[in-house]
Amino acid sequence: MRNILVVDDDPTVSEVVTGYLERAGFTVARAADGPAALRLAAERRPDLVVLDLMLPGMDGLEVCRTLRGRGPVPVIMLTARGDEEDRVLGLEVGADDYVTKPFSPRELVLRVESVLRRGAAAPTEGTPVSAGGITLDPVARRATKDGRELALTLREFDLLGHLVRHPGRAHSRESLMREVWGWEFGDLSTVTVHVRRLRGKVEDDPADPRLIRTVWGVGYRFEAAGPDGGGGHA
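First, a word on what this report is: a plain description of the structure on this page. (Residues numbered from 1 in each chain as written. Predicted model: local features only at pLDDT ≥ 70, side-chain atom pairs only at ≥ 80, totals over all residues. Heavy atoms only, no water.)

## Remarks on empty space enclosed by the protein
The line we're drawing: In this analysis, the protein atoms alone were mapped onto a 1 Å grid. Cavities are point sets where a 1.4 Å probe fits without being able to get out; pockets are open sets with protein on both sides within 12 Å along at least five of seven lines; lining residues have an atom within 4 Å of a point. Grid points are joined across faces, edges and corners, and a volume is the space filled by probe spheres set on the points.
All told, the structure shown has one cavity of 30 Å³ or more when counted by the stated rule. In this structure, the largest cavity occupies an estimated 50 Å³ of space. Taken together, Asn3, Ile4, Leu5, Thr27, Val28, Ala29, Leu40, Ala41, Arg44 and Pro46 form the lining of the largest cavity.

If you want it as structure tokens, here you go:
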């Protein structure tokens, strides 16, 4: 049984989300603020955290940063605003997904299951693969570049793995969302932000990417040889 930590200062939202998750078979712990969330996360080591962005005192962004600094626990961010800036900020600090309030509790449960399923399915994807100086071990969920270990979130690892396994292929944002996230629809800025974060971790010069290159009008392509020339960026 998977353990979920729900962090929201609105008791109604917290109770509804907890009820739906428990009916879906999850064990749920709740916190109403950042310090309590971090304490529970340290004690219980949850399999996933559902985290509200707008918390009193320590906001969700700071909580997410701290959680990401401790380890690779998946985070789904809840935001009461519809602004793209808020969603992008959540993804930038390491959230694996986000849901905008008001939301369907059933949709949130599906998102939780999707994120956990991707993590559980990763070890079945085969033997380690290497390209462009990057090596990924799907069983250990470990990625290195030139022997240096990369600190990747769940989605970043999956996205990099997909790109490395298909060097030279141009991928649209829509196809990446479908093949990596498992979504048939969604906000394509999710893909854009994850590509930008990956470039910051795998490129020698993220402003002039040589590995994850923009294919203008299409999306992105992974160049195993890291050729010279203008790379463009997201």
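## Considering the packing of aromatic side chains
Just so we agree on the cut-off: Note on aromatic pairs: the rings of Phe, Tyr and Trp (six-membered ring only in Trp) are paired at centre separations within 6.5 Å, and the planes decide the class, stacked below 30 degrees, edge-to-face beyond 60, tilted for the rest. Note on geometry: a ring has a charge over it if NZ (lysine) or CZ (arginine) is within 6 Å of the ring centre and within 35 degrees of the ring normal.
Scanning the entire structure with this criterion turns up zero aromatic pairs. The residue whose ring lies beneath Arg23 is Tyr20, and the NZ or CZ to ring-centre distance is 4.8 Å.

## Here we look at helix 7 (residues 173-181)
Heads up, the rule is: Each residue's exposure class comes from its accessible area (1.4 Å probe, protein chains only) as a fraction of the maximum for that residue type: buried when under 20%, exposed when over 50%, partly exposed otherwise. Numbered from the N terminus, helices here are DSSP runs of H or I no shorter than four residues, and strands are runs of E no shorter than two.
Those residues of helix 7 not exposed but buried are Ser175, Leu176, Met177, Val180 and Trp181. Positive phi shows up at Gly182, right after helix 7, with a value of about 75°.

## Quick notes on the pattern of salt bridges
If the charged atoms of two oppositely charged side chains come close together, the side chains can form a pair. Operational definition: Any carboxyl oxygen of Asp or Glu that lies within 4 Å of a side-chain nitrogen of Lys or Arg is treated as forming a salt bridge with it.
Per the stated rule, a full pass over the model turns up 12 salt bridges. Salt-bridge contacts for Glu62 lead to Arg65; the nearest nitrogen and oxygen are separated by 3.4 Å. Pair noted here: Glu62 and Arg65 are both in helix 3 (residues 60-70), with a separation of three residues, about one helical turn. Among the residues examined, Arg65 registers a relative accessible area of 43% and is labelled partly exposed. The residue Asp208 makes a salt bridge to Arg210 at a minimum N-O spacing of 2.7 Å. Counted as one network, the salt bridges with shared partners bring together Asp8, Asp52 and Lys101.

## Notes on the packing of helix 6 (residues 154-165) against helix 7
For the record, the criterion: Throughout, an axis means a line fitted to C-alpha atoms (over the contacting stretch in the case of helices), and angles, computed between N-to-C directions, take values from 0 to 180 degrees. These descriptions rest on fixed angle ranges, namely under 35 degrees for roughly parallel, over 145 for roughly antiparallel, 65 to 115 for roughly perpendicular, and the rest for oblique. The sense of a crossing depends on the near helix, which, turned anticlockwise from the far helix by less than a right angle, makes the crossing left-handed and, turned clockwise, makes it right-handed. Every residue pair with non-hydrogen atoms within 4.5 Å of one another is taken to be in contact. Lys, Arg, Asp and Glu make up the charged group, whereas Ala, Val, Leu, Ile, Met, Phe, Trp, Tyr, Cys and Pro make up the nonpolar group; the residues left over, Gly among them, are polar.
Taken N-terminus to C-terminus, the directions of helix 6 and helix 7 make an angle of 115°; their axes are 10 Å apart at the nearest point. Taken together, helix 6 and helix 7 sit at an angle that is classed as roughly perpendicular. By crossing handedness, the relation of helix 6 to helix 7 is classed as right-handed. The residues of helix 7 that touch helix 6, namely those facing Arg155, Asp158, Leu159, His162 and Leu163, are Leu176, Glu179, Val180 and Trp181. A breakdown of the residues in the contact of helix 6 with helix 7 according to their chemical character gives five nonpolar, one polar and three charged.

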